Protein chains: 2
Amino acid sequence: MQLLLVEDNQTLGQAVEIGLSQRQFMVTWVRTGAAAISNFNRQEYDVAILDLGLPDIDGERVLQSIRKKGVDIPILVLTARDQTSDVIHLLDAGADDFMTKPFDVNELAARLRALLRRRSGYASAKIECGPVAIDTSSREAFVNGREITLSRKEYELLQLFVMQPMKVHPRDKIEALLSSDTHVVESNALEVHVHNLRKKLGQRELIETIRGVGYRLRCKD
Amino acid sequence: MQLLLVEDNQTLGQAVEIGLSQRQFMVTWVRTGAAAISNFNRQEYDVAILDLGLPDIDGERVLQSIRKKGVDIPILVLTARDQTSDVIHLLDAGADDFMTKPFDVNELAARLRALLRRRSGYASAKIECGPVAIDTSSREAFVNGREITLSRKEYELLQLFVMQPMKVHPRDKIEALLSSDTHVVESNALEVHVHNLRKKLGQRELIETIRGVGYRLRCKD
DNA sequence: GGTTTTCTTAAATATTTCTTAAGATAAATT
DNA sequence: AATTTATCTTAAGAAATATTTAAGAAAACC
């Protein structure tokens with residue numbers, strides 16, 4: 001399995017290279033966005049890992065650039081912990097999955113295999129989390145296999161939760177995601193959206209309130 | 001059943017090869033457009049799968065080239081996620097069916113069998129989806145077996161929907177399909193076409209509105 | 001060239017979704 | 001227990017989005 005790793009940090013890159021090599025991946029490691037683009041053009045990889053915090057080019061640029069050129073291999077994006085609100089935009093820009101640093105190499109390998117499985121046509125783009133599931137390609141949401149209809153903001157909210165289950169999402173991060181660039185929310189819009197989403201999910205406890213901080217999605221019992 | 005698979009990606013190709021072999025297809029797998037053309041010339045296949053994203057030659061070229069040479073076996077085309085607007089042009093160029101990646105191998109096999117059935121004269125080129133059906137060769141449309149008369153754009157819209165039922169088609173993708181290369185639509189033409197199509201279909205709910213995203217055709221109840 | 005059909009545009013209407021605000025409830029603090 | 005603070009709930013008005021209608025422009029047909 002050919003894998004392209006785009007990562008500027010020496011320590012992290014080395015760890016990933018070693019870890020994935022031991023797990024049957026053939027890793028090609030480049031350290032700059034420029035090198036990434038020229039490597040993608042050669043189109044000989046099955047999957048790629050792209051760190052957003054590159055020194056020379058914005059990682060999102062790289063992503064858009066290679067997608068525009070028709071490269072359609074699965075790409076997993078690495079982000080720093082505090083860039084999670086960008087996640088939705090990244091997925092729209094063509095990322096297939098993402099992980100926040102620091103991460104576990106076992107999970108990384110598992111996610112890569114999942115991406116490859118999905119790509120080969122055996123599975124859909126469904127992401128599950130306990131009774132909740134979303135299909136990022138069709139924007140459908142399910143509870144216990146039954147489809148529920150969500151508004152745009154409700155879906156974006158749920159997508160954020162499902163993408164990082166059990167993670168506590170701070171209120172300001174969620175608000176940044178929900179509000180457009182022009183319009184700043186200075187009311188309790190977030191709470192109302194959470195309330196409506198909870199109602200549609202059926203089980204209120206699925207979205208847990210962390211008082212003074214934010215919310216998180218519970219998946220396990 | 002002899003099948004020619006034209007696919008450059010190792011992972012995807014292998015998945016298809018294995019999946020179809022298990023389903024009684026004899027798969028010959030080539031990885032380049034050049035190899036595809038020379039293999040097609042030998043004319044010993046019953047059906048073919050052609051990936052558009054080939055490294056050496058444009059897939060559409062391959063398609064036109066082999067059709068020009070009189071090869072008339074059914075060809076199913078594989079396209080990337082965001083090329084769905086090319087679909088109609090592909091069908092015009094000689095493709096018999098298409099699927100977007102990623103896909104389900106079961107569906108792939110079903111479609112291939114449908115193509116072969118049609119070819120052997122037992123069935124027409126009808127594609128069904130609940131009460132709706134279209135005949136891609138005669139460009140006729142039916143609701144509950146009764147024929148309805150559609151304008152060109154209405155038919156193309158319905159064909160897009162029927163080809164990928166239950167998939168949410170983003171507005172911009174549909175607009176790209178409906179508008180010619182020269183003329184850009186900057187009005188609500190799309191909505192008007194959807195409205196007229198709905199009226200002719202009789203049942204408004206068949207075409208579902210996904211607010212802020214696009215439309216989709218519902219087939220199941 | 002004239003007729004007919006289809007397509008686009010635009011404005012009026014309808015619908016859904018979002019935001020706001022205010023009172024109710026619950027948790028933390030004193 | 002009373003007070004403060006944060007969150008939940010509800011409902012109504014505002015904003016965004018979609019539908020419908022109709023008329024003129026463009027294309028297709030004869």
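Above this text sits the structure in question.
Criteria and cut-off values
Residues numbered from 1 in each chain as written. Chains lettered and ligands numbered in written order. Predicted model: local features only at pLDDT ≥ 70, side-chain atom pairs only at ≥ 80, totals over all residues. Heavy atoms only, no water. Near = heavy atom within 4 Å. Polar contact = N/O pair within 3.5 Å; in protein donor to acceptor, adjacent residues only side chain to side chain. Helix = DSSP H or I, 4+ residues; strand = E, 2+ residues; numbered from the N terminus. Pairing = 2+ DSSP bridges. Axes fitted to C-alpha atoms, helices over the stretch in contact; angles between N-to-C directions. Contact = heavy atoms within 4.5 Å. Parallel < 35°, antiparallel > 145°, perpendicular 65-115°, else oblique. Nonpolar A, V, L, I, M, F, W, Y, C, P; charged D, E, K, R; others polar. Buried < 20%, exposed > 50% of the residue type's maximum accessible area, 1.4 Å probe, protein only.

Peer 1: Break down the protein's contact with DNA strand C for me, citing the residues and quoting the values.
Peer 2: Near DNA strand C there are 22 residues, and of these A:Ser151, A:Lys153, A:Asn188, B:Ser151 and B:Lys153 occur at the shortest range. Sugar and phosphate atoms constitute 65% of the interface atoms of DNA strand C, taking the interface as everything within 4 Å of the protein. A distance of 2.5 Å separates a phosphate oxygen of DNA strand C from a polar atom in the side chain of A:Ser151. With respect to DNA strand C, the side chain of A:Asn188 contributes an N or O atom lying 3.0 Å from a base nitrogen. For the surface near DNA strand C, the secondary-structure elements that each account for two or more residues are helix H6 (152–163) and helix H8 (189–201) of chain A together with helix H6 (152–163) and helix H8 (189–201) of chain B.

Peer 1: Provide a residue-level description of the sheet that holds strand S6 (residues 126–129) of chain B, including the pertinent values.
Peer 2: Note: strands within a sheet are paired through backbone hydrogen bonds, in either parallel or antiparallel orientation. Residue and element names in this part refer to chain B. Ordered in space as S6-S7-S8-S9, the 4 strands form an open sheet in which the pairing is antiparallel. In this open sheet, the two edge strands, each paired with only one partner strand, are S6 and strand S9 (146–148). This sheet shows a mean twist of 30° between the axes of neighbouring strands, independent of strand direction. Pairing geometry for S6 and strand S7 (residues 132–135), over 4 bridges, is antiparallel.

Peer 1: Could you give me a rundown of the sheet that holds strand S5 (residues 97–100) of chain A, with the residues and numbers involved?
Peer 2: Residue and element names in this part refer to chain A. Reading across from one edge, S2-S1-S3-S4-S5 is the order of the 5 strands in this open sheet, with parallel pairing throughout. If you trace the sheet from one side to the other, it starts and ends with strand S2 (26–30) and S5, each paired once. If you compare each strand with its neighbour and ignore which way they point, the axes differ by 20° on average. Each of strand S1 (2–6), S2 and strand S3 (47–51) is contacted by helix H1 (residues 10–21), which is oriented at about 165° to S2, the strand it contacts most.

Peer 1: With reference to specific residues and values, describe the packing of helix H7 (residues 171–178) of chain A against H8(A).
Peer 2: Residues and elements named next belong to chain A. At a minimum axis distance of 10 Å, the contact between H7 and H8 shows a crossing angle of 85°. Judged on the interaxial angle alone, H8 and H7 are roughly perpendicular. Facing Arg-171, Ile-174, Glu-175 and Leu-178 of H7, the residues of H8 in contact are Leu-190, Glu-191 and His-193. Tallied by class, the residues present in the contact of H7 with H8 amount to 3 nonpolar, 1 polar and 3 charged.

Peer 1: Any chance you could break down the pairing of S6(B) for me, citing the residues and the numbers?
Peer 2: Side chains B:Ile127 and B:Cys129 of S6(B) all project onto a buried face; the interleaved residues B:Lys126 and B:Glu128 project onto a face where none is buried. In textbook terms, the turn of a hairpin is the stretch between consecutive antiparallel strands, and for S6(B) and S7(B) this stretch comprises 2 residues, one of which, B:Gly130, has a positive phi near 65°.

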